[in-house]
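# Topology and contacts: notes
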Amino acid sequence: MADLSLRRVDKTFGDVEVIKGVDLDIASGEFVVFVGPSGCGKSTLLRLVAGLEDITAGELWIGGQLVNDEPPSRRGIAMVFQSYALYPHMTVWQNMSFGLKLQGMTRAQRDEKVKEAARILQIDHLLDRKPRQLSGGQRQRVAIGRAIVRQPRVFLFDEPLSNLDAALRVQTRIEIAKLHRAMQATMIYVTHDQVEAMTLADKIVVLNAGRVEQVGSPMDLYHRPANKFVAAFIGSPTMNFLPVEFAGSDGATLDLRLASGAIVQIAAPKGRLRGHRFTLGLRPEHLHVLSDAAPLRGEAAAVENLGGESYLYVDIGQPMPLVVKAPGDCAIRAGEPVGIGLPASKGAYLFDQQDRAVASA
Amino acid sequence: MAARANAGSALTRQRLKSAWLFLTPMLVVLALVAGWPLLRTISFSFTDAHLSNLDDSSFIGFENYVFLLQDPDWWRAVQNTIFFTVVSVSIETVLGLLIALALNAHFKGRGLLRAAVLIPWAIPTVVSAQMWRWMFNDVYGVINEIMLSTGLITEPWAWLADPQLSMAAVIAVDVWKTTPFMALLILAGLQMLPQDCYENAKIDGVHPVVVFFKVTLPLLKPAILVAVIFRTLDALRIFDLIYVMQGNKQDTMSMSIYARQQLVDFQDVGYGSAAATLLFMIIALFTVIYLYLGGIGREEKA
Ligand SMILES: Nc1ncnc2c1ncn2[C@@H]1O[C@H](COP(=O)(O)OP(=O)(O)O)[C@@H](O)[C@H]1O
Ligand SMILES: [Mg+2]
C-alpha cells in the first residue's frame, strides 16, 4: 500500500506531446480508474507510473519517494497487462513464481505464496498447465495471481478485461472489486469502458487527449460533470445535447429556446449565466414519455426494446435524434409521434459556449 | 447429425481435391528437376558408366559402393565435410544470435544496418570466394599484410597451402558469408517474441542475463533449430566456396568435391554417382535425425 502523487507530468514521443501536465493525488488503498477514449494516453500514463516509459517532465512520487529515476522493479508495483504477458513456455506455477526467485525466496516459500494466490483466484488446479492450455479467463486470473504474489504497494491494470467475453467481463469485474476490498491495496486501473469505471472506482480520472478533464467519485462525475466531454463520456447511453438560447427566467426556473423555436423550462442553475447561447444536456434516463402537453414533441425514428427497458430515438428536428429511456413494455413503434417530458428538478445540465458546465441546481 | 457429418466430409473431400490441384504443378516441376536427376544418379551408381559412353554401360550391383567405402580419400572427404559443417554452423549460430540480438535493439539507422549486414550473403559465392582467395594469398594477400604489420605474426602464413590453415581459412570465409543469413533467420524469430513478457520481467526486476537464458532462448529455440537445420543441410553439400578457394586439394576436399572429381575429372560416372548418392543418403539421414530430435512437427501441433 502506498499513496501516489503526479506533479505536472509530461510525456512526449519525439515531438508528439501525449501526456500534458497531469496533476493527480492517489490515496493509499484507493481504487483509481483512468478512463477515456482510445488513444487519449491512459496506457501511457500507466506506463509512466510503472516506469516502462521515462517521464519527460514533472515528478512522480510513490509512498513519499520521488521515483522518476527508479527502475520499474524498485517502485513496488505489479502490472497486469491487457494481453496478460504470460511466459508461453512456463507453467502457471513457473509464471507466478518466476519474479519471486529474485527476491531471494526459497522454493518452499515461493510455493507457499503461489499456492495461496492460486487458491484465492481458484486456479490451484491449473498450476501445471502452460498458458496455451488455458482459457482467456483463466489466463487473466494467472496474470492477476502473478501480480498478487509480488505483494506490490501499487497494482496497475491495463484494460485487463478487454479480451474477455461480456459475461466473463462482468464476473471478473466483480472479482477484482472483491480482491481490492480484501487486499486494501492501491490500484490503478485503465479502461475505455465507463461501466467498468463507474462500478470499480473510488475515484475516476477522465482523460482526454493527454489532459485530465475531471477527477472525482463516480457519482460526482455522473451528477456534476465539469464539462461536456465528461458529461458525454460518463453514463450510457450517452447524454443528449441540444443547442439552446436564453429566453427568460423567474429566478426558480429558466426558459430556454430550442432551435425549432419551442421553449423548454428547467430548474434555474445556481451559477450566474453568462452569455445567451448554451448547450442543454439531458440524460436519456431522465427523460420520459408523455402523452399530452409535452414540452418536446417528435417522431420515433427507431425503437430498441431490451425487455427490461426500451430506448426511443426521437427525431425532434435536430441533427441527432433524442435518446429517451422508456419502460420495457413501451408500446410506441417506429414512425409514431412521441411527446417527451423533461426532468422536473435535477437532471438537466447546462454548458456554456466553452463547453464548461454551468453549476446546476 | 448424419447429414451434417456427410456435408462435412463432402467439404473435406472438396478441400482435398483443390489442395491436390494447387500442389500438382509444384510436384510435377519437382519430379522433373529433382526427382528425375536423383533417380538417374541412383541408377548410374549401380553401373560402370563412363562419361564418354553413357549409354554403353552395364549393371554391376554394389561394386561402386564397395570400392567407395574402401577408399580412404572418400572417408577423408566425409571427415572434412563433417568437420567443416560442425565448426562453421556452430560459429555461425552463436555469432548469428549475437548479431540478431544487437539488430533487434532499438536504435537509429537500424533498417539500414539490417540491409547492410546481408551484403556478404548477397554476393555470389564464386565472387566472394575468389575475393577471399586473393586476400588470403601468402605473398600479396591483405590478410597477411595486416597481421604482419600489427605484429600478430612475424612471417607470412601460407593460408591456402598449409593443411591446418586452409580448413580454417575456408571456415572463416563461410562464417563471414553465412552468418548474416543466420542472423536474419534468428532476428525474424526474435521479432515474434511477445514484447510484454519482457516488460513484465522488467517490472519483476529479472536480470537481463536471466531473461535471456530463461525467456529469450527457450522461446527462440524453434527458430534457432530451423536455422541450424537449414545451415547444416547446406553445409553438408558445400562445394563452390571450397572449390574456388582450394580446388581438389585433399586437405579441404568435401564430399561434393570428391563426387565431382570422380564424375568430371576422372569421367567415372558410375563411381561418382555412387558418391553423390551416398552424400544424398547422409543428408537425408541428418534431416530425419534433426526432425526427430527437434520434435518440430510435434511442437507445432501441441
Ligand atoms: N511508444 C510510442 N511512440 C510514439 N507514440 C506513442 C507511443 N505509445 C503511445 N503513443 C501515442 O500516444 C497516444 C496515447 O497512446 P495510449 O496511451 O496507448 O492510448 P490509450 O491507452 O489511451 O488508448 C497515442 O496517440 C499513441 O499513438
Ligand atoms: Mg491503451
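Residues numbered from 1 in each chain as written. Chains lettered and ligands numbered in written order. Predicted model: local features only at pLDDT ≥ 70, side-chain atom pairs only at ≥ 80, totals over all residues. Heavy atoms only, no water.

### Quick notes on the overall build of chain A
If you tally the helices and strands in chain A, you get eight helices and 21 strands. Within chain A, the proportion of its 361 residues that are buried is 49%. Within chain A, contacts between residues at least 6 apart in sequence are counted, and of these 64% link residues at least 24 apart. Of the roughly 16300 Å² of accessible surface on chain A, 49% is carried by carbon and sulfur atoms. Across chain A, the mean location of the 41 positive side-chain charges is 6 Å away from that of the 39 negative side-chain charges. (Helix = DSSP H or I, 4+ residues; strand = E, 2+ residues; numbered from the N terminus. Buried < 20%, exposed > 50% of the residue type's maximum accessible area, 1.4 Å probe, protein only. Contact = heavy atoms within 4.5 Å. Areas by Shrake-Rupley, 256 points an atom, 1.4 Å probe, with all protein chains shown as cover. Lys, Arg positive; Asp, Glu negative; His and termini not counted. Charge placed at Lys NZ, Arg CZ, Asp CG, Glu CD.)

### Structural notes on the site of ligand 1
Residue and element names in this part refer to chain A. Within the structure, ligand 1 sits among Phe13, Val18, Pro37, Ser38, Gly39, Cys40, Gly41, Lys42, Ser43 and Thr44. In this structure, an oxygen atom belonging to ligand 1 sits 2.9 Å away from a main-chain N or O atom of Lys42. Contacts to ligand 1 include Ser43, whose side-chain N or O atom sits 2.7 Å from an oxygen atom. Considering ligand 1 on its own, with 560 Å² of exposed area, one finds that the protein chains cover 56% of that surface. Broken down by element, the residue count for the shell around ligand 1 peaks at three residues, all from helix H1 (residues 42–50). Here the shell around ligand 1 is composed, by residue class, of four nonpolar, five polar and one charged. (Near = heavy atom within 4 Å. Polar contact = N/O pair within 3.5 Å; in protein donor to acceptor, adjacent residues only side chain to side chain. Nonpolar A, V, L, I, M, F, W, Y, C, P; charged D, E, K, R; others polar.)

### What about the nonpolar core?
Counting 63 residues, the largest nonpolar core has Leu68, Trp74, Phe136, Trp159, Met245 and Tyr258 of chain B as its most contacted members. Sort the elements by how many residues they give to this core and helix H8 (residues 163–191) of chain B lands first, with 11 residues. When neighbours within four sequence positions are excluded, Leu68 of chain B is seen to be in contact with Trp74, Trp75, Tyr258, Tyr271, Ala274, Ala275 and Leu278 of chain B. Ala117, Ala118, Leu121 and Leu161 of chain A belong to the second largest nonpolar core, which has 47 residues in total. (Core = buried A, V, L, I, M, F, W, Y, C linked by side-chain atoms within 4.5 Å.)

### Focus: the pattern of salt bridges
All names here are of chain A. Using the criterion set out here, one finds 19 salt bridges over all chains in the structure. In this structure, Arg74 engages Glu70 in a salt bridge whose closest nitrogen and oxygen atoms are separated by 3.4 Å. On the basis of relative accessibility, which here comes to 55%, the residue Arg74 falls in the exposed class. For Arg356, the salt bridge goes to Asp352, with nearest N and O atoms at 3.2 Å. A residue is classified by how much of its surface remains accessible, and Asp352, at 13% relative accessible area, is buried. (Salt bridge = Lys/Arg side-chain N within 4 Å of Asp/Glu carboxyl O.)

### Structural notes on the interface of chain B and chain A
Much of the literature gives interface size as the accessible area that the parts lose upon coming together. Chain B puts 18 residues into the contact, and the matching count from chain A is 23 residues. When chain B packs against chain A, the two sides together hide about 1700 Å² of surface, and 64% of this comes from carbon and sulfur. Counting across the chain B and chain A interface gives two salt bridges. Notably, a salt bridge pairs Arg150 of chain A with Asp204 of chain B, separated by 3.1 Å at the nearest N-O pair. (Buried area = accessible area lost by both parts, 1.4 Å probe.)

### Notes on the side chain of Lys203 of chain A
Following the sequence through the fold, Lys203 of chain A ends up in strand S9 (residues 203–208). Contact partners of Lys203 of chain A, with chain neighbours within four places excluded, come to Asp25, Ile26, Glu30, Phe31, Val32, Val33, Val215 and Gly216 of chain A.

### Let's talk about the domain arrangement of chain A
Residues and elements named next belong to chain A. Here chain A is described as being made up of domain 1 (4–233) and domain 2 (240–360). Here domain 1 and domain 2 have C-alpha centroids that lie 38 Å from each other. Both sides of the domain 1 and domain 2 interface together cover about 840 Å² of buried area, and 56% of this is carbon and sulfur. In terms of surface lost to domain 2, no three residues of domain 1 exceed Tyr222, Lys228 and Ala231, which account for 62% of the buried area on that side. (Domains from an automatic or database assignment.)

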